[in-house]
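# Understanding the architecture of this molecule
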Amino acid sequence: MEFGFYQTLQLLGALGLFLFGMKVMSDALLLLAGDRMRRILAKMTYNKFLGVSMGFLITSVIQSSSATTLMVVSFSNAGLLTLTEAISVIMGANIGTTITAWLITILGFKVSMSTIALPLCGLGFLFMFSKKEHFKNLGEFILGFAVLFIGLQFLKDAMPDINQNPGILEFLNNYADLGFTSVLLFLLIGTVLTIIVQSSSATMALTLLMTAEGWIPFELGAAMVLGENIGTTITANLAAIVANFRAKRTARAHLIFNLLGVVWVLILFYPFLRMITWLAVQTGSDSPIVSAAAIPVALSLFHTVFNILNTFLLIWFIKPIARLVEWAVPEKIAPVRDIDEPKYLNKRMLKFPETAIATLVSESKHLFENAVFEIVTHAFNIHRDDLRSDVKAKKVIRVTDEDLGVNVRELYLTKVKSIYGSILQFATQAQSTLKLQSVQNNRIMEIKLANRKMVEIIRHTREVNRNIRTYSTKDNPHMKKEYDFYRKLMLTHLRGIYLPIPPEDISSYKKELKKLRVKSLEKLSKQNDEIDRLIREDLISTLMASSLVNDYDHLHDLIENLVSVAELLYCRSDTLFVPESSELAEQVA
C-alpha cells in the first residue's frame, strides 16, 4: 500500500497520542512527587556526584529530562543552584532520560502492552473520581502511561511497510549509503526532529520504530540518538531566552555538555558501535547488525552507555565548562534608573514555591544591603566607605561632621517604595496562586515582615536625621556630643550587621546578632542617664531635651529592627525548610 496523505495524518495522529500520553504521565508524576523532588534538588546538590545522582533520580521519577532541565534553569534563575551544581544535575538528567528508552523498548517491543492498555485506562479513570488529590494524580499517571503505549501501538501500525513503498525505499537507499556523511545527515535529522516535537522521548520512539521496521540500520539509528541529545537542549535554551544570566549560563552549559559528548562519540563512532554490539550479544540479545528486531535493545544500550560514559568523562571538567560558559554569557549590569526597580522579581519565578521564596529572599537582601544601608549611613552623616573601614568608630565620627544633605523622604521614594510594593505584590501572588506548605507560607510571611521592618527603619532614620542636621551644626556642645554618640553607636551597630554579610556560618552570625542587640541597647540605656543629667543641670533647653528623648526611642527601634531584619533574611539555614514560629505569628498578627 502506497504511503499517502491519509497515512501521513495517521502517523502524525499516533505520534500526537504518544506525546499526549507522555505529557499526562509526566505532569501527573510532577504533581505526585514534584514537591519532594524540588526540595531534594534545592538541598542536596552541594557535591557534584550528589548532583548527578539527584538529576538521575528526579528524571527517573518524573520521566522527563526536559522537565528536570527546566526546573534546574528556574532554580538557577532564582539563585538556588550555582552553575557547577546545575551542570552536575543536568549530567544526571541525561542518564535518567535513558530509562524512558528502556521502558519503550521493553514494554513496547518485547511485551505487548496493547492487551492491558485499555484496562489501565479504565483503572486510571476510576481513580480520577477520588476526592483525594493524591489518588487523582495517581489516576492521571496510570491514564497517561496507558495512552502512551496505545499511541506507541498506533505508531507501530501506522509505520509504512518499506517493501510496499518503493519511493521511501529509494529515498533511504540514496541517503543511507553515503558512509560517514549518512551518519552526520541522520544526526541532523535526529536533532531537527527533537527540536520540532520538543520531546527526545518521542523522537527516540520514532527512531526505535524505524530501526525495528528495517527502515534504517543500527549505525544510522545511533546517529539519530546522538542528534536527539543535541535537540533536547533546545527546550532549556528557549526557556532561558527571557531569563537572567544565571539561567542562560545553565542552558548553555547543557548544550556544551551534550555537544562535547556527541563530538567524542563521533570520533570513536565505529569502534563504539562494535563495543555496543558486543555488549548486546553478551546480554543475550541478537546482534543488531544481523537482526533488525534486535536494534531497539542495542539502541537503548547505546543511549545508556553513551550518557553514562559522557558523564563520567566530563564530570571532572565541570569547573572548566562553567568558566567557559561564564565567559560566553557575562553578567549584565543593570542600568542606573531614576527610580530603582526590582532586580530579581520575575513572574516566571512563580512557577515553583522554592523559586518564588528564593527570589523574594534575594530581592529583600538586595534592598537591605544597598538602599536601606545607604539611607541609614548617609542619614547619620556616615560614608559607606567609613562603614567598611577598620578605623575606630570614635575617630570616624570625630573627623566626619559634615552634613551630607540627605533627603531621606526622596531616597525612600526613588530607591525603596517601588521595590517594597513589588515585593509585597509578588509575595501575595505566591501565597494565593501556589500550593504552599505551612513552612513555605510561614517563610513568605517572614519575608514580608522583614520588608515592613525595613520601611520602619527608614521612618525612624528620617526622624533622627532631622535633628542630626539641626544640632550637629549648632553651637551647643552638649547636643553635638549627644548626637555624635548616637552616630557612633549606629556606626558600630551597622558594622556588626553589615560587615559579616554574607555570613559564612549562619549559627555564629545569629549568636553575634543577639550579642550585638544586647550590647547596643545597653550602651543606649546608659546614655539615658546622661540625658537626665543635662536636663537637671539646665544645660539644654526643653525643646532640645524632647528631641533627644524622642530620638532615643527612634534609635532603640532602629537597633531592634536592623537586627530583626538581619535575623529574618540571613539566619535561616535553608529557606525551604523553615520551622514554624509562634513568635513570628504573633509579630505578623
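Let me begin by describing the structure that accompanies this report. Just so it is clear, the model here is predicted, and its values are computed rather than measured.

### Section: the pattern of salt bridges
- A complete count under the given rule lists 11 salt bridges for this structure.
- Measuring nitrogen to oxygen at the nearest pair gives 3.3 Å for the salt bridge that ties Glu 463 to Arg 466. Taken as a pair, Glu 463 and Arg 466 lie in helix 21 (residues 438–471) at a separation of three residues, close to a single helical turn.
- For Glu 463, a relative accessible area of 26% translates into the label partly exposed.
- Here the salt bridges share partners, and the residues they tie into one network are Lys 480, Asp 484 and Arg 487.

### Topic: the side chain of Arg 495
- Inspection of the secondary structure puts Arg 495 in helix 22 (residues 477–498).
- Buried Arg 495, no salt bridge; nearest opposite-charge side chain is Asp 386, N-O distance 6.4 Å.
- Setting aside residues up to four positions removed in sequence, Arg 495 forms contacts with Asp 386, Leu 387, Ser 389, Val 391, Lys 392, Ala 393, Val 396 and Pro 500.

### With respect to helix 10 (residues 200–212)
- The terminal C-alpha atoms of helix 10 lie 18 Å apart, and with 13 residues this matches the ideal 18 Å at 1.5 Å per residue to within 8%.
- Burial runs high along helix 10: 12 of the 13 residues are buried.
- Residues of helix 10 that are buried include every one of Ser 200, Ser 201, Ala 202, Thr 203, Met 204, Ala 205, Leu 206, Thr 207, Leu 208, Leu 209, Met 210 and Thr 211, and no others.
- Among the residues trailing helix 10, Gly 214 stands out with phi positive, at a value near 85 degrees.

### Side note on the side chain of His 460
- Along the chain, His 460 turns up in helix 21.
- Those residues in contact with His 460 that lie beyond four places of it in its chain are His 554, Asp 557, Leu 558 and Asn 561.

### Quick notes on unusual backbone geometry
- Pro 502 follows Ile 501 through a cis peptide bond whose omega is -5 degrees.
- Following the sequence through the fold, Pro 502 ends up in the loop between helix 22 and helix 23 (506–536).
- At Asn 381, a residue that is not glycine, the phi angle is positive and equals roughly 55 degrees.
- Structurally, Asn 381 can be placed in the loop between helix 17 (353–379) and helix 18 (384–388).
- Classification of Asn 381 as buried rests on a relative accessible area of 3%.
- One non-glycine residue with positive phi stands out, namely Asp 538, at about 55 degrees.
- The topology assignment puts Asp 538 in the loop between helix 23 and helix 24 (542–570).

Rules and cut-offs
Residues numbered from 1 in each chain as written. Predicted model: local features only at pLDDT ≥ 70, side-chain atom pairs only at ≥ 80, totals over all residues. Heavy atoms only, no water. Salt bridge = Lys/Arg side-chain N within 4 Å of Asp/Glu carboxyl O. Helix = DSSP H or I, 4+ residues; strand = E, 2+ residues; numbered from the N terminus. Buried < 20%, exposed > 50% of the residue type's maximum accessible area, 1.4 Å probe, protein only. Lys, Arg positive; Asp, Glu negative; His and termini not counted. Contact = heavy atoms within 4.5 Å. Expected span 1.5 Å × (residues − 1).

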